[in-house]
Amino acid sequence: YPNLQIILVDNGPTEEGHQNLKDNLPSDERLVLCRLKDNKGYVGGVNHALKKGMELGTDYFIILNNDTVIHHGAITALLNGCIKYNDKVIVSGKVYHYHKINELQFVGYKWKNENLLDPTPIGVNEIDNGQYDKEEFRDMLDDIFWLFSEKIIKDIGFYSQYFWFNTEQRDFAMRAKKAGYQLLYTPKAKIWHKGSVSVGGRDGNPAYDYWYTQSSLIFSYLHLSKINFFYYYWKQRLSLARSHTKVFLSGKEKSTNLKCIQAKYAAFKYFSKWKKNKMSNS
């Protein structure tokens, strides 16, 4: 798909790191390199690119994670899906494991519990035998890669600065749905994804646990009813307390487990502060 520009955001690099990146990039007039001196998080990086794209008069945006390889026909497939529904959709496709090229990570989400807006992924770790080759609407999508028209920015704004990393896509998608957009899955768009490489993985990672907990609390506060949020909040607090007690009573005080628990407590503390003044996370 030749009619494109790539906006690459180098988010909080050292001067040496940024220079190394510049030296190793191809010479291509379609590539726009932006440097943020301070790390603005995933949301800050995406918003910077979106604003730059709006300045350039972009018609459509694809958000693309940095640990992915995209199929050569994916852009056309995503764009065709968006045009088919008069630009009133956000479109994504098949996400495969990077190291298992025919094994799906997932193909969108359905609600596990709609009252709590709790999504469960579809097609996890399944071999792709064509079982998801039908274009369908989804309850939720992920911005590992998705495409939308610039019109959506004018309707609902950019990614919310209440988020730094994680769950920002659910907030953006929910705001879009409330504004009359739908979430479309097309099987013709494909990507291969490593997964959580930027934050060092998910399992036993205090940083991931902190951001996931914090962002999930903010998302739930913004989009759940008061009674459902109350239920969600105390369910998470009790689960965290049980995890802490279990580690303490078992005597298996592995430093990693305790650090993850402490990270989640820190996320609850941040949320309590955020709820009072709704500060930006950037």
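As the structure is a computational prediction, the values presented were derived from the model and not from experiment. (Residues numbered from 1 in each chain as written. Predicted model: local features only at pLDDT ≥ 70, side-chain atom pairs only at ≥ 80, totals over all residues. Heavy atoms only, no water.)

Caption draft 1: Inspection of the pairing of strand S5 (residues 89–97) at higher detail. Extensive coverage of S5 is indicated by the burial of eight of its nine residues. Here eight bridges tie S5 to strand S11 (residues 182–193), and the two strands are oriented parallel to one another. Paired with His97 across the two strands is His193, which belongs to S11. (Buried < 20%, exposed > 50% of the residue type's maximum accessible area, 1.4 Å probe, protein only. Helix = DSSP H or I, 4+ residues; strand = E, 2+ residues; numbered from the N terminus. Pairing = 2+ DSSP bridges.)

Caption draft 2: Representation of the pairing of strand S1 (residues 6–11). Direction of pairing for S1 relative to strand S2 (residues 31–36): parallel, over a ladder of six bridges. Along S2, the bridge assignment pairs Asp10 with Arg35. Regarding topology, helix H1 (residues 15–24) serves as the crossover connection from S1 to the parallel S2, and that connection is right-handed. (Right-handed = clockwise from strand over helix to strand, strands pointing away.)

Caption draft 3: The nonpolar core, seen in detail. Membership of the largest hydrophobic core comes to 62 residues, with the highest contact counts inside it found for Leu50, Ile90, Trp146, Phe148, Ile152, Tyr159 and Phe172. With seven residues, helix H8 (residues 255–277) is the single largest residue contributor to this core. Once you skip the residues sitting within four places of it in the chain, Tyr159 turns out to touch Tyr42, Val43, Val46, Asn47, Leu50, Ile63, Asp143, Trp146, Glu168, Phe172 and Arg175. In terms of nonpolar packing, the next biggest core, distinct from the first, is built from seven residues, Tyr96, Leu104, Ile122 and Tyr132 among them. (Core = buried A, V, L, I, M, F, W, Y, C linked by side-chain atoms within 4.5 Å. Contact = heavy atoms within 4.5 Å.)

Caption draft 4: Geometry of the packing of helix H6 (residues 206–223) against H8. Packing of H6 against H8 leaves a shortest axis separation of 8 Å and a crossing angle of 30°. In this structure, the crossing between H6 and H8 has a hand that is right-handed. Here H6 contributes Pro206, Asp209, Tyr210, Thr213, Gln214, Leu217, Ile218, Tyr221 and Leu222 to the contact with H8, which in turn contributes Lys259, Cys260, Ala263, Lys264, Ala266, Ala267, Phe268, Tyr270, Phe271, Trp274 and Lys275. Partitioning the contact of H6 with H8 into residue classes produces 14 nonpolar, two polar and four charged. (Axes fitted to C-alpha atoms, helices over the stretch in contact; angles between N-to-C directions. Left-handed = near helix turned anticlockwise from the far one by under 90°. Nonpolar A, V, L, I, M, F, W, Y, C, P; charged D, E, K, R; others polar.)

Caption draft 5: Local environment of the packing of aromatic side chains. Counted according to the given criterion, the structure contains 20 aromatic pairs. The interplanar angle of 80° and the centroid separation of 5.2 Å between the aromatic rings of Tyr162 and Trp274 together place this pair among those described as edge-to-face. In this pair, Tyr162 sits in the loop between helix H4 (151–156) and helix H5 (168–178) while Trp274 sits in helix H8, placing the two residues 112 residues apart along the sequence. Aromatic side chains Phe229 and Phe271 sit 5.7 Å apart centroid to centroid with 45° between the ring planes, which places their arrangement in the tilted category. (Phe/Tyr/Trp six-rings, centres within 6.5 Å; stacked < 30°, edge-to-face > 60°.)

Caption draft 6: A look at helix H2 (residues 41–55). Between its first and last C-alpha atoms H2 spans 21 Å; for 15 residues at 1.5 Å apiece the expected length is 21 Å, and the two agree. Listed as buried for H2 are Gly41, Val43, Gly44, Gly45, Val46, Asn47, Ala49, Leu50 and Gly53. Each element contacted by the buried residues of H2 is listed here: S1, S2, strand S3 (60–64), strand S10 (145–149), H4 and H5. Directly after H2, the chain includes Gly57, whose backbone phi takes a positive value near 80°. (Expected span 1.5 Å × (residues − 1).)

Caption draft 7: Layout of H8. Here H8 is 23 residues long and its end C-alpha atoms lie 33 Å apart, about the 33 Å a rise of 1.5 Å per residue gives. Residues Cys260, Ile261, Ala263, Ala267, Phe268, Tyr270, Phe271 and Trp274 constitute the buried set of H8. Lys278 sits one or two residues past H8 and shows a positive phi near 50°.

Caption draft 8: Looking closely at unusual backbone geometry. One non-glycine residue, Asp87, lies in positive phi territory at about 65°. By secondary structure assignment, the location of Asp87 is in the loop between helix H3 (74–84) and S5. One non-glycine residue, Thr167, lies in positive phi territory at about 75°. Among the secondary structure elements, Thr167 is positioned in the loop between H4 and H5. Judged by its relative accessible area of 1%, Thr167 falls in the buried class.

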